[in-house]
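Now for the letters of each chain:
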Amino acid sequence: MQGLSIEYRVLPNGTSYEGTVQVEKSVGYQFYETGAMGERLPVKVENISLSGECSPCTFNLTGNSGISYAEGNYTISYKGPIHENHIVTSFEQPSNVSVVMPWGLDVRNQFLGVISPGGEITAINNTSVNVNWTGTRSVELRFYDQGRESLLYMFANFWLIIAFVLLTPFLLSMRRKQKK
């Protein structure tokens, strides 16, 4: 069984995240992301910890992207990489997923950010931007920083000025023709 509740907390530099997964009646968990063709790609994660009704909770690494443990209900915490401001993953069963981004990273501009269907965006008091999915089997999120948004606005202003310069002579000549 995979996670029923999953949270990704993007770190301020945007190159990694801290993940927390709640699992029930589980004996193992695989860390992977979804590739361009929908294939599962193993992800090298670090700082793995397991907590639950055990003291201490122990696990074994399986292969290069998973852990195994005694059957039970657990919380799995770990740190994973983010490539090119893009998070793409899928789940074996519907899960509640939350992605928390620190202020300065955003997804709300549709020209720069992408979220998969079902994601609900919430800004929290200038401290974070949260995206939540309920009962989803996959998540895609592409975020951006303030520098990219500034570049977009500068690019748009540049093209508006060019359009104005090129259209002004045409509009003035049309006006002269109407006066004659």
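This write-up is about the structure you can find in this document. Here the structure is a predicted model, which is why all the values come from computation and not from measurement. (Residues numbered from 1 in each chain as written. Predicted model: local features only at pLDDT ≥ 70, side-chain atom pairs only at ≥ 80, totals over all residues. Heavy atoms only, no water.)

### A look at the pairing of strand β12 (residues 128-142)
Next, step 1: Alignment of strand β8 (residues 86-102) against β12, held across twelve bridges, turns out to be antiparallel. Following the sheet pairing, S98 is matched in β12 by N132.
Next, step 2: The sheet contact formed by strand β10 (residues 114-115) and β12 spans two bridges and is antiparallel. The residue of β12 that forms the bridge with V114 is R142.
Next, step 3: Of the pairings in the sheet, the one linking strand β11 (residues 120-124) to β12 comprises five bridges and is antiparallel in character. (Pairing = 2+ DSSP bridges. Helix = DSSP H or I, 4+ residues; strand = E, 2+ residues; numbered from the N terminus.)

### Here we look at unusual backbone geometry
Next, step 1: Cis geometry is adopted by the peptide bond preceding P56, which originates at S55 and carries an omega value of -5°.
Next, step 2: By the secondary structure assignment, P56 is in the loop between β5 (46-52) and β6 (60-62).
Next, step 3: Residues other than glycine seldom take positive phi values, yet K25 does so here, at roughly 45°.
Next, step 4: Within the secondary structure, K25 is located in strand β2 (residues 16-30).
Next, step 5: Classification of K25 as exposed rests on a relative accessible area of 63%. (Buried < 20%, exposed > 50% of the residue type's maximum accessible area, 1.4 Å probe, protein only.)

### Let's talk about the pattern of salt bridges
Next, step 1: With the rule as written, the count across this model stands at three salt bridges.
Next, step 2: Residues R9 and E7 are paired through a salt bridge, measuring 3.5 Å at the closest nitrogen-oxygen approach.
Next, step 3: With a relative accessible area of 26%, E7 lands in the partly exposed category.
Next, step 4: The shortest N-O distance in the salt bridge between D106 and R108 comes to 2.8 Å.
Next, step 5: Judged by relative accessible area, D106 falls into the buried class, the value being 6%.
Next, step 6: By relative accessible area, which is 39% here, R108 ends up partly exposed. (Salt bridge = Lys/Arg side-chain N within 4 Å of Asp/Glu carboxyl O.)

Distances and angles like these do not, on their own, reveal function.
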